[in-house]
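Structural features, examined
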Amino acid sequence: MNKIVTIILILFVSLPQQDSDNLKKLTGQYANPKNALEQDAQAALEKMQKAALKDGIQIRLVSGYRSFNRQREIWNRKYDKYTAQGLKPDAIFDKIVEYSTVPGTSRHHWGTDMDLIDGAVKVSGDVLVPDKYHGKGPFCKFKDWMENHATTYGFELVYTMSEQRTGFKYEPWHYSYVPLSRKRYNDYLTQVDLLPFLRSQNIKGMDKISDARLKRYLEEHIKGVNPVLKNN
Ligand SMILES: [Zn+2]
């Protein structure tokens, strides 16, 4: 490559990009934030729903795509709540990431991941709790069906019960459409400079959390997924 071109390229890649471009690259968000799911994921879900219906299960999407801004609202609200209770930033961080993601790191930003229940059964209270999927819970039939059929349609559980898995707690409702999300995951980890991004997005507490703590979150939480979601 000629020298001038090289210099121009270096200048270009080292220029600070617009926040919105960064956001798109880092979260995989698309222009239409109202898309509940990526098109292919939506089509695969519909196929699976039709098949499940024949067995009396109405697979229902509770949560699909979630925007960065929405996740930041959730995060900042929780942060304020725990601050008011007198918790220190590190403790608040650990508490929130038991179940919620740091904005910009949610797989729900990708439009490939979704929370599912069985709409055919009556339930009371919160639906996304493990007890509903186990023992005599209302979603046991759904869970059994998914264990036998989800893979056929390209879906896999992300936060499994495996003891080898680190990070987020077990979520029997959170499925990922692997043909799309596997690439997104690998791109995310190789193309993303996560720490400076998180510190520049008005996410509460990010100026007080150490690099080491954030790197541990990346290792334990972001990479703490079902191994079938990682390999090409
Ligand atoms: Zn989820």
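Concerning the overall build of the protein chain
Counting its regular elements, the protein chain contains 9 helices and 4 strands. Overall, the protein chain shows an N-to-C arrangement of helices and strands of α-α-α-β-α-α-β-α-β-β-α-α-α. In the protein chain, buried positions account for 32% of the 232 residues. Within the protein chain, counting contacts between residues at least 6 apart in sequence, those at least 24 apart form 74% of the total.

A few points about the environment of Tyr188
On the secondary structure map, Tyr188 appears in helix H7 (residues 178–191). The spacing of Tyr188 and Ile222 is 34 residues in sequence and 9.9 Å in space, taken between C-alpha atoms.

Topic: the confidence of the model for the protein chain
Chain-level statistics for the protein chain give a pLDDT mean of 88 and a share of 86% at 70 or above. Counted against residues more than four places away or in other chains, residues 9–17, with its pLDDT under 50, gives 1 contact.

Brief notes about the pairing of strand E4 (residues 174–177)
Here E4 shows two buried faces, one formed by His174 and Ser176 and the other by Tyr175 and Tyr177. As judged from the 3 bridges shared by strand E2 (residues 113–118) and E4, these two strands associate in the antiparallel manner. Residue pairing across strands places Met114 opposite Tyr175, the latter belonging to E4. Summarising the sheet, strand E3 (residues 155–157) and E4 pair through 3 bridges and their orientation is antiparallel. Looking at E4, one finds that Phe155 is bridged to Tyr177.

Focus: the packing of helix H4 (residues 68–84) against helix H5 (residues 89–96)
Between H4 and H5, the least distance of the axes is 10 Å, while the angle of their chain directions is 130°. Looking at the two axes, H4 sits oblique to H5. In terms of crossing hand, the pair formed by H4 and H5 is right-handed. Contact residues: Trp75, Lys78, Tyr79, Tyr82 and Thr83 in H4; Ile92, Lys95 and Ile96 in H5.

Digging into the nonpolar core
If you look at the biggest cluster of nonpolar residues, it comprises 31 residues, and the most contacted ones within it are Ala41, Met48, Leu116, Phe155, Val158, Tyr175 and Tyr177. Per-element tally for this core: the top contributor is helix H3 (residues 39–54), with 5 residues. Here Val158 is in contact with Arg107, Asp113, Glu171, His174, Tyr175, Ser176, Val225, Asn226 and Leu229, once residues within four sequence places are set aside. Grouped together as the second largest cluster of nonpolar side chains are 11 residues, Phe93, Leu198, Met206 and Tyr217 included.

Topic: the sheet that holds strand E1 (residues 59–63)
Within a sheet, neighbouring strands are paired by backbone hydrogen bonds and run either parallel or antiparallel to one another. The strand order E1-E2-E4-E3 describes an open sheet built from 4 strands, whose pairing is antiparallel. At either margin of the open sheet sits one strand with a lone partner, and together these are E1 and E3. Averaged over all adjacent pairs, the angle separating strand axes in this sheet is 45°, with direction ignored. Of the pairings in the sheet, the one linking E1 to E2 comprises 4 bridges and is antiparallel in character. Across the sheet, the residue bridging to Leu61 is Leu116, located in E2.

What counts as what
- Counting of residues starts from 1 at the beginning of each chain's written sequence and follows it residue by residue.
- Totals for whole chains, interfaces and linings use all residues, but because this is a predicted model, local features are given only for residues with pLDDT of at least 70 and pairs of side-chain atoms are given and counted only at 80 or more.
- Only runs of H or I of at least four residues qualify as helices and only runs of E of at least two qualify as strands under DSSP, and these elements are numbered from the N terminus.
- Burial is judged by counting the other C-beta atoms within 10 Å of a residue's own C-beta: 20 or more makes it buried, 12 or fewer makes it exposed, and any count in between marks it as partly exposed, with every C-beta position built from the backbone.
- Any two residues are considered in contact once their C-beta atoms, placed from the backbone, lie within 7 Å.
- A score between 0 and 100, pLDDT records how confident the predictor is in each residue.
- A pair of strands is treated as paired once DSSP finds two or more bridges between them.
- Note on method: axes are straight lines fitted to C-alpha atoms, helices fitted across the in-contact stretch only, with angles between N-to-C directions ranging 0 to 180 degrees.
- Angles are sorted into four bins: roughly parallel if under 35 degrees, roughly antiparallel if over 145, roughly perpendicular if 65 to 115, and oblique for all others.
- By convention, the crossing between two helices is left-handed when the near helix turns anticlockwise from the far helix through less than a right angle, and right-handed when the turn is clockwise.
- Only buried residues count toward a nonpolar core: Ala, Val, Leu, Ile, Met, Phe, Trp, Tyr and Cys, linked into one set through C-beta atoms within 7 Å.

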